[in-house]
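# Structural characterization, general
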Amino acid sequence: MKIYAEMALTPTGWQNSLLVQVGDDGKIAQVESDVSPERAGEASRRVEILLPAPVNLHSHAFQRAMAGMSEKRGPEPLDTFWTWRQIMYRFLDILSPDDIEAITAFVQMEMLEAGYACNAEFHYVHHQPDGTPYDNLAELSERVVAAAEQSGIGLTLLPVLYQYGGCDQRPLGAGQIRFGNDYERFARLHEGASKAVARLGASRSEGDSLMGVAPHSLRAVSPEALSACVSLAGARPLHMHLAEQVKEVEEVEAAYGKRPVDWLLDHHDVKPNWCLIHCTQMTDRETDALAATGAVAGLCPITESSLGDGIFNGVRYLEKGGKLGLGSDSNIRISLSEELRTLEYSQRLRDRCRASVATADRSTGRVLYDAALTGGAQAAGRMAGAIACGHYADLLALDASSPMLDGCKGDDILDGWIFAGDDRLITDVWSAGRHLVIDGKHSRGEEIRRRYREVMRRLRQEF
Ligand code: ZN
């Protein structure tokens, strides 16, 4: 398959008249620039602007179903993260495996239509509503895999170990019992999930569907089990929530004598295969130390805004060479351009400045997009993030005839899309060469939307 683009963002910068050849393995086999109109005629798809499509590095797909439902005052005097969590727990009383599969397929379809080519799913609902494991321990992991089969998205599945209800190792609360495993049962569940991912992998090329490990957080996992997860992960992706809320920092400090990022870096050799989600509560010293590890900070700016988590120390982190990527976490909104914009605007609001992460030679949009490409691919363990030979053909095309992009060239394209436009500018998305979004719509969108609507109608009645 060949794709021709009038303009494209490549590792050596913006190029014109690009012909990209994709192999049967879904990887880019050849890239040529300044090709003649005759050569351009070889392409099966011609687009105006071609970009690498990033990974969505953090998602809890099922939470999409409760988006918009937690905007009323709760019983507590102040609506907080903890109130939102109570609503999530009530929701978990009613979700069936079929519901979870339908919701996940819908979320992955929305990710594709928003420009993401791969979903790193931080998957922590494992059991039946009363906490009893399904006959197949990895039932719900298999449903995530089944959803990826329908949506066609690249997948890095991160089964989550969740042991306790807090740092004091209190038992799980009523709303948390669908998550819970001791390490031994988790290891068996992980093995089952690995087999499901391998089956999906059999119909795709190696590396297009991958496994990782996710110890939930310092609140929910013992130090011993965290070490066991590190061994289980080996060189594979290891993801963990870290330092999201002030209350969480205080709890970790009280139990472990240190702030979460401080404690983690003191007790573990944090390597580039680690992805630490949120990190919205870091001192300057922690920020510098995390940046120096080469690990990825997994930022979810829309969710962090929605939950009132706090603002990532982004300007300093990038100045120190820190790696970051983006995820949609609670999936209250699934929009790549909006995640990027929200991250930048959070820095501006805090620092009362403009173009906070731009450099002398790269615009704000370019810096953020480059970071999301590199960090996302690294966090997912996926050979992607660049229009270059050997990388997966994870690609997206933008509509250059849109009033937001008309006449734009170079980094102005990214800035126009991210700051002035939205997802409607996306015309095409490929994941590992699978052409899944055409003219802005997912090819199986009608069926996936219909199933999601049916599930949601029933859930809203029961909720
Ligand atoms: Zn999360």
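Above this text you will find the structure in question.
Residues numbered from 1 in each chain as written. Predicted model: local features only at pLDDT ≥ 70, side-chain atom pairs only at ≥ 80, totals over all residues. Heavy atoms only, no water.

Quick look at the pairing of strand 5 (residues 55-59) now. Counting buried positions along strand 5 yields five of five residues, so the element is predominantly enclosed. Of the strand pairs in this sheet, strand 5 and strand 6 (residues 118-123) are connected by three bridges, and their pairing is parallel. Note on strand 6: the bridge partner recorded for N56 is N119. (Buried < 20%, exposed > 50% of the residue type's maximum accessible area, 1.4 Å probe, protein only. Helix = DSSP H or I, 4+ residues; strand = E, 2+ residues; numbered from the N terminus. Pairing = 2+ DSSP bridges.)

As a further point, take the coordination of the zinc ion. Distances from the zinc ion to its protein donors, namely H58 (NE2), H60 (NE2), H241 (NE2) and D329 (OD), fall within the range 2.1 to 2.4 Å. With four donor atoms in place around the zinc ion and angles of 80 to 174° between them, the coordination shape is irregular. When the donors of the zinc ion are listed by position in the chain, the intervening gaps give H-x1-H-x180-H-x87-D. Linking H60 in the loop between strand 5 and helix 2 (81-92) with H241 in strand 10 (residues 238-242), this pair joins segments that are 181 residues apart in sequence. Residue classification places H60 among the buried residues on the basis of a relative accessible area of 3%. (Donors = N, O, S within 2.8 Å, 3.2 Å for Na, K, Ca; no water. Tetrahedral: all angles 85-135°; square planar, octahedral: opposite > 155°, others 65-115°.)

Moving on: the sheet that holds strand 12 (residues 296-299). Pairing within the open sheet is parallel, and its four strands lie in the order 10-11-12-13. Strands with a single pairing partner mark the edges of an open sheet, and in this sheet they are strand 10 and strand 13 (323-326). When strand polarity is set aside, the average angle formed by the axes of neighbouring strands in this sheet is 30°. Across three bridges, strand 11 (residues 274-278) lies against strand 12 in parallel orientation. Bridged to C275 within strand 12 is V296. Against the sheet, helix 8 (residues 260-267) makes contact with strand 10 and strand 11, and its axis sits at roughly 145° relative to strand 10, the strand it touches most. Against the sheet, helix 13 (residues 364-380) makes contact with strand 10, strand 11, strand 12 and strand 13, and its axis sits at roughly 90° relative to strand 13, the strand it touches most. (Axes fitted to C-alpha atoms, helices over the stretch in contact; angles between N-to-C directions. Contact = heavy atoms within 4.5 Å.)

Spatially, eight strands are ordered 3-2-1-4-14-15-16-17 in an open sheet, and the strand pairing comes out mixed. The open sheet has two edge strands with one neighbour each: strand 3 (28-32) and strand 17 (441-442). In the sheet, strand 2 (residues 13-22) pairs with strand 3 via four bridges, with the strands oriented antiparallel. Following the sheet pairing, Q21 is matched in strand 3 by Q30.

Right, let's get into the packing of helix 5 (residues 183-202) against helix 6 (residues 223-233). Direction vectors running N to C along helix 5 and helix 6 enclose 25°, while the axes themselves pass 11 Å from each other. In terms of orientation, helix 5 lies roughly parallel with respect to helix 6. Considering the relative orientation of helix 5 and helix 6, their crossing is right-handed. On helix 6, the residues touching Y183, F186 and H190 of helix 5 are A225, A228, C229 and L232. Partitioning the contact of helix 5 with helix 6 into residue classes produces six nonpolar, one polar and no charged. (Parallel < 35°, antiparallel > 145°, perpendicular 65-115°, else oblique. Left-handed = near helix turned anticlockwise from the far one by under 90°. Nonpolar A, V, L, I, M, F, W, Y, C, P; charged D, E, K, R; others polar.)

To continue, consider the pattern of salt bridges. Summed over the entire model, instances satisfying the criterion amount to 35 salt bridges. In the salt-bridge network here, residues are joined through shared partners; they are K2, E32, R39 and E42. (Salt bridge = Lys/Arg side-chain N within 4 Å of Asp/Glu carboxyl O.)

Of all six residues that make up strand 15 (residues 426-431), six are buried, and the element is covered over most of its length. When strand 14 (residues 395-398) meets strand 15, the two strands line up antiparallel, connected through four bridges. Looking at strand 15, one finds that L395 is bridged to W430. Two elements, strand 15 and strand 16 (residues 434-438), share three bridges in a ladder whose sense is antiparallel. Along strand 16, the bridge assignment pairs W430 with H435. What sits between the antiparallel neighbours strand 15 and strand 16 is a turn of two residues, in which A432 has the positive phi angle 45°.

Looking now at the environment of L189. Among the structural elements, L189 can be located in helix 5. Classification of L189 as buried rests on a relative accessible area of 0%. Sequence separation of L189 and G410 is 221 residues, and the distance between their C-alpha atoms is 47 Å. Sequence-distant contacts of L189, defined by excluding residues within four places in its chain, comprise H126, L137, A138, S141, P159 and N181.

Distances and angles like these do not, on their own, reveal function.
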